[in-house]
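Coordinate analysis (summary)
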Amino acid sequence: QIGEYFTIDHGTGVVIGETCIIGNNVKLYQGVTLGAKSFPLDEDGNPIKGIARHPILEDNVIVYSNATILGRIRIGKGAVVGGNIWVTEDVEPGAKIVQRK
């Protein structure tokens, strides 16, 4: 599910998992991965498909180059995820997640 005014700037290498929910006015840069941590397995060891396992990006989120966001987590409204960041936990609305020197 993808909202209005969605932008992929320099779209090379962008991965958007099948159960992602992307809000309005979301911008992704090159190399962004919106993926799953893993597939749950059934009793025979086969992957169970169709389970919500990819991120939710709320409205007005920006994700910069080569960021990796994994699992059914929520990136809150107006949050910014900096480049080359690995995110596996929820991000609060308006937060800015960047690398430290």
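To keep things clear, this report deals only with the structure shown in the data block. Because the structure is a prediction, the values reported are computed rather than measured. (Residues numbered from 1 in each chain as written. Predicted model: local features only at pLDDT ≥ 70, side-chain atom pairs only at ≥ 80, totals over all residues. Heavy atoms only, no water.)

Quick word on the nonpolar core
By size, the foremost hydrophobic cluster in this structure holds 18 residues, and its most contacted members are L34, L57, V63, I69, I75, V81 and V87. When near neighbours in sequence (up to four residues on either side) are disregarded, L34 contacts V15, I16, G17, C20, I22, L28, H54, P55, L57 and I69. (Core = buried A, V, L, I, M, F, W, Y, C linked by side-chain atoms within 4.5 Å. Buried < 20%, exposed > 50% of the residue type's maximum accessible area, 1.4 Å probe, protein only. Contact = heavy atoms within 4.5 Å.)

A look at the sheet that holds strand β5 (residues 33-35)
The sheet built from 4 strands is open, its strands ordered β2-β5-β8-β11 with parallel pairing. The open sheet terminates on both sides in strands that have one partner only, identified here as β2 (15-16) and β11 (86-87). Sheet topology places strand β8 (residues 68-70) next to β11; 2 bridges connect them, and they run parallel. Within the sheet, the bridge partner assigned to I69 lies in β11 and is V87. (Pairing = 2+ DSSP bridges. Helix = DSSP H or I, 4+ residues; strand = E, 2+ residues; numbered from the N terminus.)

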